[in-house]
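# Survey of secondary and tertiary structure
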Amino acid sequence: MERCRPSTKGIKNVSGVACHVSSAIQLLYHATPESTRSDLILLSNELEKENLNQSNNDDCNSTSAFLMELGNLFRDIGNHDLLSSDELVIVNDRQSVDPTKFYNFIMPNIDSLHVGDAGTSLRVILSSTRKALESLVIIRHYNNDGGGGVLQLAKTVLDDLQKLFWKGEMTHQII
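Note that the coordinates shown come from a computational prediction; the quantities given were computed from them, not determined experimentally.

## Some words on the overall build of the chain
Looking only at helices and strands, one finds seven helices and two strands in the chain. Written out in order from the N terminus, the α and β elements of the chain read α-α-α-β-β-α-α-α-α. Sequence separation of at least 24 residues holds for 73% of the intrachain contacts in the chain that already meet a minimum separation of 6. Total accessible area computed for the chain in this model is approximately 9700 Å², and 49% of it derives from carbon and sulfur atoms.

## Here we look at the environment of Asn 51
Mapping Asn 51 onto the fold places it in helix H2 (residues 34-53). For Asn 51, a relative accessible area of 36% puts it in the partly exposed group. Once you skip the residues sitting within four places of it in the chain, Asn 51 turns out to touch Asn 61 and Met 68.

## Notes on the nonpolar core
If you look at the biggest cluster of nonpolar residues, it comprises 43 residues, and the most contacted ones within it are Ile 25, Leu 43, Phe 102 and Ile 125. Those elements that provide at least two residues to this core are helix H1 (19-31), H2, helix H3 (61-77), helix H4 (100-106), helix H5 (118-142) and helix H6 (149-166). Examining the composition of this core, we find that ten residues originate from one element, H6, more than from any other. Aside from chain neighbours lying at most four places away, what touches Leu 43 is Leu 67, Leu 133, Leu 136, Val 150, Leu 153 and Ala 154.

## What about the confidence of the model for the chain?
Summary statistics for the chain give a mean pLDDT of 77 and a share of 70% for residues scoring 70 or more. Within the chain, the element-level pLDDT minimum falls on strand S2 (residues 88-90), averaging 49, and the maximum on H6, averaging 90. Overall, residues 1-5 carries pLDDT values under 50, and its contacts beyond four positions in sequence, including any with other chains, amount to four contacts.

## Overview of empty space enclosed by the protein
One pass over the full model with this rule turns up one cavity of 30 Å³ or more. Lining the largest cavity, in full, are Leu 28, Thr 32, Thr 36, Leu 40, Leu 70, Phe 74, Leu 126, Thr 129, Val 157 and Leu 161. Contributing elements (two or more residues each) for the lining of the largest cavity: H2, H3, H5 and H6.

## Description of the pattern of salt bridges
The final tally for this structure, using the stated rule, is four salt bridges. A salt bridge links Glu 50 to Arg 140; the nearest nitrogen and oxygen atoms lie 2.4 Å apart. Taken together, the positions of Glu 50 in helix H2 and Arg 140 in helix H5 put the pair 90 residues apart, joining distant regions of the chain. You can call Glu 50 partly exposed: its relative accessible area is 24%. By relative accessible area, Arg 140 is classed as buried at 10%.

## Focus on H6
Helix length check: H6, at 18 residues, gives a terminal C-alpha distance of 24 Å against a target of 26 Å (1.5 Å per residue), a fit within 8%. Of all the positions in H6, only Val 150, Leu 151, Leu 153, Ala 154, Val 157, Leu 158, Leu 161, Gln 162, Leu 164, Phe 165 and Trp 166 are classed as buried.

Thresholds applied
- Residues numbered from 1 in each chain as written.
- Predicted model: local features only at pLDDT ≥ 70, side-chain atom pairs only at ≥ 80, totals over all residues.
- Heavy atoms only, no water.
- Helix = DSSP H or I, 4+ residues; strand = E, 2+ residues; numbered from the N terminus.
- Contact = heavy atoms within 4.5 Å.
- Areas by Shrake-Rupley, 256 points an atom, 1.4 Å probe, with all protein chains shown as cover.
- Buried < 20%, exposed > 50% of the residue type's maximum accessible area, 1.4 Å probe, protein only.
- Core = buried A, V, L, I, M, F, W, Y, C linked by side-chain atoms within 4.5 Å.
- pLDDT = per-residue confidence, 0-100.
- 1 Å grid on protein atoms, 1.4 Å probe; cavity = no way out; pocket = protein on both sides within 12 Å on 5 of 7 lines; lining within 4 Å.
- Points joined across faces, edges and corners; volume = space filled by probe spheres on them.
- Salt bridge = Lys/Arg side-chain N within 4 Å of Asp/Glu carboxyl O.
- Expected span 1.5 Å × (residues − 1).

What follows is the structure, encoded as structure tokens:
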């Protein structure tokens, strides 16, 4: 049985001048291998499950929230949905993705309300993603969460992105 590639969605330019941020997100999405995107989406889902079960706010909340929003954005761009078994399926929804929630996490470093540069936006998003993943791994390791799925997924995504953007194939092209 031949597998059909999902089509991706565009990103709404909510502010009218945030095309540099939308372009950076699309570049990151398409440059990231499908397996890494899937792991990021699964990580986001696991963090959301944990967030629902915890009533207290810890040091990991902003890190988790950033990664949840990035994973949700990747899920929505790729037309994916998550079944209860953590299996990704393709949904047929062609509406553009609204990135407003994600913009709130990158706002201090990227101004989505003014014209900007896609390369700089990509660098900031990559840097924020790296810091969030590294922080999550350190916090989970320090809290002896070694057997947890979140720690393993975070390590896998971080390792994959490290190889692609910071140590390997695209290092000279992006940073």
